[in-house]
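Residues per chain are reported as follows:
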Amino acid sequence: MSQVQVNSLRHLSASSDAIELASDGTCTAKITNNLSNRNLIINGSMAISQRQGTTETTVTHDTTTYSVDRFAIFDKIDGGNNFTYQQVTTPLPDDFSHALKIKTAIADTSIAADNYAFFYQVVESQNIQQANLGTSAAKPLTLSFHVYSNKTGTYTVGLNNYGSYNRTFLKEFTISAQNTWEKKTVTFPAITSGSWGDVRVQWCLVTGSNNQGAADTLLTSTVLGTSNQVNFADTVNNEFLITGVQLEVDSTGSGVATDFEHRSYGDELQRCSRYCQVMTSNATSERINFADVTVHGGGNGVYIFPGLLPMRTAPSVTTSGSFNANGLTGGWTQTAVSSIASEFTTANGNDRAMWGFDGMLSASLADSCTVGLSGSIFSSSGFGQFVFSAEL
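Residues numbered from 1 in each chain as written. Predicted model: local features only at pLDDT ≥ 70, side-chain atom pairs only at ≥ 80, totals over all residues. Heavy atoms only, no water.

**Student:** I tried to follow the sheet that holds strand β10 (residues 141-149) on my own but got confused; where do I start?
**Tutor:** Strand pairing in a sheet is mediated by backbone hydrogen bonds. Such pairs are either parallel or antiparallel. As summarised here, the arrangement of the six strands in space is β4-β7-β8-β16-β10-β13, forming an open sheet in which the pairing is antiparallel. Across the chains shown, the open sheet's two edge strands, defined by having one partner strand only, are β4 (57-58) and β13 (182-188). The pairing of strand β8 (residues 99-104) with strand β16 (residues 239-249) spans four bridges and is classified as antiparallel. Bridging from a neighbouring strand, Lys 101 pairs with Leu 241 of β16. (Pairing = 2+ DSSP bridges. Helix = DSSP H or I, 4+ residues; strand = E, 2+ residues; numbered from the N terminus.)

**Student:** Looking at this model, I keep getting lost on unusual backbone geometry. Mind explaining?
**Tutor:** Backbone geometry follows two general trends: most residues other than glycine have a negative phi, and most peptide bonds adopt the trans configuration. In this chain, Thr 90 is followed by Pro 91 through a cis amide linkage whose omega measures -5°. With respect to the helices and strands, Pro 91 occurs in the loop between β7 (83-88) and β8. We note that Met 46 has phi near 60°; this positive angle belongs to a residue other than glycine. Positive phi, normally seen in glycine, also occurs at Asp 62, with a value near 60°.

**Student:** Looking at this model, I keep getting lost on the layout of surface pockets. Mind explaining?
**Tutor:** Put simply, the largest pocket is a space of about 360 Å³. As for the largest pocket, its lining consists of 17 residues, of which Arg 51, Gln 52, Tyr 66, Thr 318 and Val 387 are closest to the centre. The set of elements that each furnish at least two residues to the lining of the largest pocket consists of β5 (65-66), β20 (316-326) and β23 (374-389). Residue contributions to the lining of the largest pocket peak at five residues, all from β20. Residue classes in the lining of the largest pocket are distributed as four nonpolar, 11 polar and two charged. (1 Å grid on protein atoms, 1.4 Å probe; cavity = no way out; pocket = protein on both sides within 12 Å on 5 of 7 lines; lining within 4 Å. Points joined across faces, edges and corners; volume = space filled by probe spheres on them. Nonpolar A, V, L, I, M, F, W, Y, C, P; charged D, E, K, R; others polar.)

**Student:** It is not clear to me how the sheet that holds strand β2 (residues 19-21) should be interpreted in this structure. Could you clarify?
**Tutor:** With antiparallel pairing, three strands are arranged side by side in an open sheet as β1-β2-β3. Two strands close off the open sheet at either side, each with one partner strand: β1 (8-9) and β3 (27-29). Both β2 and β3 contribute to a ladder of three bridges, which runs antiparallel. Directly across from Ile 19, in β3, lies its bridge partner Ala 29.

**Student:** What am I meant to see in the environment of Ile 111 here?
**Tutor:** Looking at where Ile 111 falls in the secondary structure, it is placed in the loop between β8 and β9 (116-123). A residue is classified by how much of its surface remains accessible, and Ile 111, at 22% relative accessible area, is partly exposed. Residues within four places of Ile 111 in sequence aside, it is in contact with Ile 77, Val 206, Thr 207, Gly 208 and Asn 231. (Buried < 20%, exposed > 50% of the residue type's maximum accessible area, 1.4 Å probe, protein only. Contact = heavy atoms within 4.5 Å.)

**Student:** Is there a simple way to think about the nonpolar core in this case?
**Tutor:** Burial of nonpolar side chains together is a common tendency in soluble globular proteins. By size, the foremost hydrophobic cluster in this structure holds 45 residues, and its most contacted members are Leu 143, Trp 203, Phe 240 and Ile 242. Leaving out residues up to four positions away in the same chain, Phe 240 has contacts with Leu 100, Lys 101, Ile 102, Phe 119, Val 147, Tyr 148, Ser 149, Tyr 155, Phe 173, Ile 175, Leu 205 and Phe 232. (Core = buried A, V, L, I, M, F, W, Y, C linked by side-chain atoms within 4.5 Å.)

**Student:** Even after reading the chapter, I still don't get the pairing of β20, so can you show me in this structure?
**Tutor:** Sheet faces and side chains relate simply in a regular strand, where the side chains alternate between the two faces. Here β20 pairs with β23 via 10 bridges, running antiparallel. Bridge pairing in β23 places Ser 320 opposite Gln 385. Pairing between β20 and strand β21 (residues 334-342): four bridges, direction antiparallel. Counterpart to Phe 323 in the pairing with β21 is Val 337.

**Student:** Would you mind going over the pattern of salt bridges with me for this structure?
**Tutor:** Any two side chains of opposite charge can pair, on the condition that their charged atoms come close. Considering all chains together, one arrives at 14 salt bridges under this definition. Linked through salt bridges whose partners overlap, the residues forming this network are Arg 51, Arg 70 and Glu 391. (Salt bridge = Lys/Arg side-chain N within 4 Å of Asp/Glu carboxyl O.)

**Student:** Would you explain the packing of aromatic side chains in this entry?
**Tutor:** Given two aromatic rings, their pairing is described by the distance between the two centres and the angle made by the two planes. With the rule as written, the count across this model stands at 19 aromatic pairs. On the basis of an interplanar angle of 85° and a centroid distance of 5.8 Å, the ring pair of Phe 145 and Trp 203 is categorised as edge-to-face. A residue pair is termed long-range when its members are at least 10 positions apart, and Phe 145 in strand β10 and Trp 203 in strand β14 (residues 199-207) qualify at 58 residues. Relative accessible area serves as the criterion here: at 0%, Phe 145 is assigned to the buried category. Ring plane angle 85° and centroid distance 5.1 Å describe the contact between Phe 323 and Phe 386, whose orientation is recorded as edge-to-face. (Phe/Tyr/Trp six-rings, centres within 6.5 Å; stacked < 30°, edge-to-face > 60°.)

**Student:** Explanation requested: a nonpolar patch on the surface in the structure shown.
**Tutor:** A grouping of Val 4, Val 6, Leu 9 and Leu 21 is seen on the molecular surface, where their side chains present a nonpolar patch of about 360 Å² in accessible area. Turning to its location among the elements, Val 4 is positioned in the segment before β1. Overall, Val 4 belongs to the exposed group, its relative accessible area being 76%. (Patch = residues over 30% accessible without salt bridge, like charges linked within 9 Å, V, L, I, M, F, W, Y side chains within 5 Å. Areas by Shrake-Rupley, 256 points an atom, 1.4 Å probe, with all protein chains shown as cover.)

And the structure:
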């Protein structure tokens, strides 16, 4: 049998080996495609937008505002309401169907020292543990993404030890051409110090001097951008679009980003549902039942049992629209729901612990109902929505 015995394989024009062969018969290969479960970012294709769909929405001032699923925006610029966000289907780079667009709504040409704006995703600790951050076994991380903007110049992306907030590593990238999709790749070196659990991947839009730091060095504080960071808020209708976000462990140390890991819509939605689930009815005629309800006492109190998938922890709930319940008075009479409150609690030591919460809400009704009767709750207007959030 013929054998080829070499230590490595390399293209004639390459500067590093494609395959390195070890004496124990194993090899290390730099493969740039067809590898599953390597992208640590959820919804990097921006395809899932449960909360607002494709509606352009104002970013609430000084409050974490979730846009497309798993991506949050924070606006801390004086005056507030400086930005909008929107899931869009055009323009797009090849291979993608959606992008996140952030647009300047109110301009600020002079950023105060303590002002800033950025967007981010927090990667849950158990999803990034293989990077061994903060230990001697730490591995580099390679981040790649596609960007499009009319505002050219230097931007900053970084990693932050979310929760501890005493380590940040910043990298600069440059948008070179207006209104042109550009793919960016940055590699963060192995981070061997600090306490790292959940990791915030953050993109800076604008920052004053109090939140600036140096690039390419591990900082012992939380900062957002370098002194070279552009002021994205300097002109109304500035636009920043992003899609194809991928963060992966760079086990070979090559600094090469693999091809984007496209996942099915169902797979991506399932991953997003750990952190957010939305029930929406857009028309009274749909008569979508949001949940089963049971009268538990007091004549007008009910428990609501929504059919949710398992979530990360006990979720908060917000509602929009108005709702009715039926079947609670001994007939099919509709009863107005006057309030809905969260009764979710983290389960301890029981079978429901696997779900991360006890699936229950409470509500008050406008009319007295019969204890023990069960029915359903549904939208009584043209629009009704339940948003369950278990974000980090």
